[in-house]
Structure formats: structure tokens, C-alpha cells
Amino acid sequence: AQTVTQSQPEMSVQEAETVTLSCTYDTSESDYYLFWYKQPPSRQMILVIRQEAYKQQNATENRFSVNFQKAAKSFSLKISDSQLGDAAMYFCAYRHQGFGNEKLTFGTGTRLTIIP
Amino acid sequence: GAGVSQSPRYKVAKRGQDVALRCDPISGHVSLFWYQQALGQGPEFLTYFQNEAQLDKSGLPSDRFFAERPEGSVSTLKIQRTQQEDSAVYLCASSSGLAGVNEQFFGPGTRLTVL
């Protein structure tokens, strides 16, 4: 079974600075997807960024980028120019690539605080 | 609708009561998922539908949990004889069911408190 580990329960960053959230995972599969989800206090989970394991290039979405190290099974999220609206719980998630087996396996989350 | 909706948003039940939680997925989405999120934890998979077929129910914690999606749209998660350990936020998500990355869109969740 796949497992996802987030070793930082809480992180804080000054507004406009950069912060990196860590995630490691364990799998025996070679093809899979990885995601970072954001869950603000209102609870609705929002997709931040995703990475296909077969792609060597790290995904980027505006201020959000990932450092995907497949051999190390590491998938960290970098948030640049942090904004107050970035404050939330961040969850790393894994998904098998195969069709019909789409459940997400989540880590325990990192609570990000933005300091004005 | 514009997004995934869930009702009720909050539910308080006395131990031993039965509850029913509803999920309305995004119109046209084939796949529907239920997750359970305990306080301070990440969501954990409960069950998965493709249209009306329940393809995976491996995450249901006991036979007190039952989910259905009879017409391939709205889904209901039923918990019989609720216990205190059932207290959690129950999240529903839907996706298009197409091949590929197939993003899951989440609803706001139902917070269940069992007294």
C-alpha cells in the first residue's frame, strides 16, 4: 500500500517570502500522480498543483512550484512571494495512474501560517 | 451545479442514531468519492463510484457504513448506529472519469459530531 508522509505539522513564513513544504511517499509503482491540495479554514479542498511521475520537468503554477525527486520519492512544494491568502492546511496526495483506481492517499498535512 | 455540494453541513447525532449524508457532484461527473477526515488528519478514502457502480469500498471502516449512488448522480453515505469514533468531517469529491490526471473536485464537507 502507498503511504504519504508530511513531516512538518506546522510552518510559518513572512509575507512576500518563500517557503517549502516537504512530502515523501512510498510506492512500488513506477507510474502515478502526485498532488498538493490546499484546505483553507472553510474546509473546501482546492487543487494547487499536480505532477505526473513520468514527467521529469517539475510542475509550476504561478507562485507555486514543486521539486519532484522520483528516485528519492520526494515531492516538495515551494510557495514564492507568500500572500496572506496562502494561509491554510496543505496536503500532499498520491494517486495510482491506472484507470478505475483513482482514490487519493493523503498525508497528514502541514498548517501554513503567513506572518504579516 | 457549479461545484460539489454536500448536505447537511453540520450534523449532531446521539450515539446509536442513524445518519444520512448527501453529496451532489458536479453535473456530468462520472466518478464520485467519499473520504473521512478526522480532526487534525488528512482525508482517508472510504469508497468510490463510477456512475452507479461502487467499484471500491475497501475504506469503509465497518459494516455500519453504507454508500449508494442509485442513478449515477447524487450519492448518500449512511452510517448506522453511530459511535463516537465516527465523529469526523465527511468529504465528497467528483471527477470527470476521463483517462488521465482527472482532477477531483471536493465539496465543503459534512461535519458529523456524535455525542
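Just above sits the structure.
A brief structural summary. This is a predicted model, so every value here is computed, not measured.

## What to know about the interface of chain B and chain A
And step 1. Across the boundary between the two partners, chain B contributes 33 residues, which contact 22 residues of chain A.
And step 2. When chain B packs against chain A, close to 2100 Å² is buried across both sides, 50% of that on carbon and sulfur atoms.
And step 3. The tally of links from chain B across to chain A stands at 2 salt bridges.
And step 4. Between A:Arg50 and B:Glu103 there is a salt bridge whose closest N-O contact spans 4.0 Å.
And step 5. Inspection of the region where chain B meets chain A yields 6 residue pairs in polar contact (both at pLDDT 80 or more).

## Regarding the side chain of A:Thr110
All names here are of chain A.
And step 1. Turning to its location among the elements, threonine 110 is positioned in strand β12 (residues 110-115).
And step 2. Side-chain polar atoms of threonine 110 contact the backbone oxygen of glutamine 8, separated by 2.6 Å.
And step 3. For threonine 110, the residues in contact, after removing those within four places along its chain, are Gln6, Gln8, Pro9, Glu10, Met11, Leu21, Ala88, Met89 and Tyr90.

## Brief notes about the pattern of salt bridges
And step 1. Scanning all chains against the criterion turns up 8 salt bridges over all chains.
And step 2. Between A:Lys73 and A:Asp26 there is a salt bridge whose closest N-O contact spans 3.7 Å. Of this pair, A:Lys73 sits in the loop between β8 (64-69) and β9 (74-79) while A:Asp26 sits in strand β4 (residues 24-26), and the two are 47 residues apart along the sequence.
And step 3. With a closest N to O distance of 2.8 Å, B:Arg64 and B:Asp86 form a salt bridge. Placement of the pair is B:Arg64 in the loop between β6 (53-56) and β7 (65-68) and B:Asp86 in the loop between β8 (75-79) and β9 (88-95), with a sequence separation of 22 residues.
And step 4. Overall, B:Arg64 belongs to the buried group, its relative accessible area being 11%.

## Some remarks on the pairing of β8(A)
Residues and elements named next belong to chain A.
And step 1. Bridge count for strand β7 (residues 60-61) against β8 is 2 bridges, and the pairing is antiparallel. The residue of β8 that forms the bridge with threonine 60 is serine 65.
And step 2. Where β7 hands over to β8, the hairpin turn is made up of 2 residues, of which asparagine 62 adopts a positive phi near 55 degrees.
And step 3. Connecting the antiparallel pair β8 and β9 is a turn made up of 4 residues, with lysine 73 showing a positive phi of about 55 degrees.

## Some details on the packing of aromatic side chains
The relative placement of two aromatic rings is captured by the distance of their centres and the angle of their planes.
And step 1. Taken as a whole and judged by the stated rule, the model has 16 aromatic pairs over all chains.
And step 2. Between A:Tyr37 and B:Phe106, the aromatic rings sit 5.4 Å apart at their centres with planes inclined by 80 degrees, giving edge-to-face as the arrangement. Placement of A:Tyr37 in strand β5 (residues 32-39) and of B:Phe106 in strand β10 (residues 105-106) is noted, with the two residues assigned to different chains.
And step 3. What makes B:Phe106 buried here is its relative accessible area of 4%.
And step 4. Geometrically, the ring pair formed by B:Phe33 and B:Tyr48 is stacked, given 4.7 Å between the ring centres and 5 degrees between the ring planes.

## Some words on the sheet that holds β7(B)
All names here are of chain B.
And step 1. Reading across the sheet, the 4 strands line up as β1-β3-β8-β7 and stay open at both edges, with antiparallel pairing between neighbours. Of all the strands in the sheet, the pair left with one neighbour each is β1 (5-7) and β7. Within the sheet, the average angular offset between the axes of one strand and its neighbour, ignoring direction, is 15 degrees.

## Examining unusual backbone geometry
And step 1. In the segment running from B:Ser7 into B:Pro8, the intervening peptide bond is cis, with an omega of -10 degrees.
And step 2. Among the structural elements, B:Pro8 can be located in the loop between β1 and β2 (10-13).
And step 3. Of note in the backbone geometry, A:Asp81 takes a positive phi value of approximately 50 degrees without being a glycine.
And step 4. Within the secondary structure layout, A:Asp81 lies in the loop between β9 and β10 (88-96).

## Concerning the nonpolar core
And step 1. In this structure, A:Tyr25, A:Trp36, A:Phe75, A:Leu77 and A:Tyr90 are the most contacted members of the largest nonpolar core, which totals 25 residues.
And step 2. Breaking this core down by element, the ones donating at least two residues are β3 (19-21), β5, β6 (46-52), β8, β9, β10 and β12 of chain A.
And step 3. Per element, the largest residue contribution to this core is 4 residues, and it comes from β10(A).
And step 4. The residues touching A:Tyr25, leaving out its near neighbours within four places in the chain, are A:Thr3, A:Val4, A:Tyr32, A:Leu34, A:Phe68, A:Gln69, A:Lys70, A:Lys73, A:Ser74, A:Phe75 and A:Tyr94.
And step 5. If you look at the next biggest cluster of nonpolar residues, it comprises 20 residues, including B:Cys23, B:Leu32, B:Phe49 and B:Ala67.

## So, the pairing of β8(B)
Residues and elements named next belong to chain B.
And step 1. Across the 5 residues of β8, 4 count as buried, placing the element largely inside the fold.
And step 2. Of the strand pairs in this sheet, β7 and β8 are connected by 4 bridges, and their pairing is antiparallel. Paired with phenylalanine 65 across the strands is isoleucine 79, a residue of β8.
And step 3. Hairpin connection, β7 to β8: the antiparallel pair is bridged by 6 residues, and glycine 72 has positive phi, about 75 degrees.

Reading guide: rules and limits
Residues numbered from 1 in each chain as written. Chains lettered and ligands numbered in written order. Predicted model: local features only at pLDDT ≥ 70, side-chain atom pairs only at ≥ 80, totals over all residues. Heavy atoms only, no water. Contact = heavy atoms within 4.5 Å. Buried area = accessible area lost by both parts, 1.4 Å probe. Salt bridge = Lys/Arg side-chain N within 4 Å of Asp/Glu carboxyl O. Polar contact = N/O pair within 3.5 Å; in protein donor to acceptor, adjacent residues only side chain to side chain. Helix = DSSP H or I, 4+ residues; strand = E, 2+ residues; numbered from the N terminus. Buried < 20%, exposed > 50% of the residue type's maximum accessible area, 1.4 Å probe, protein only. Pairing = 2+ DSSP bridges. Phe/Tyr/Trp six-rings, centres within 6.5 Å; stacked < 30°, edge-to-face > 60°. Axes fitted to C-alpha atoms, helices over the stretch in contact; angles between N-to-C directions. Core = buried A, V, L, I, M, F, W, Y, C linked by side-chain atoms within 4.5 Å.

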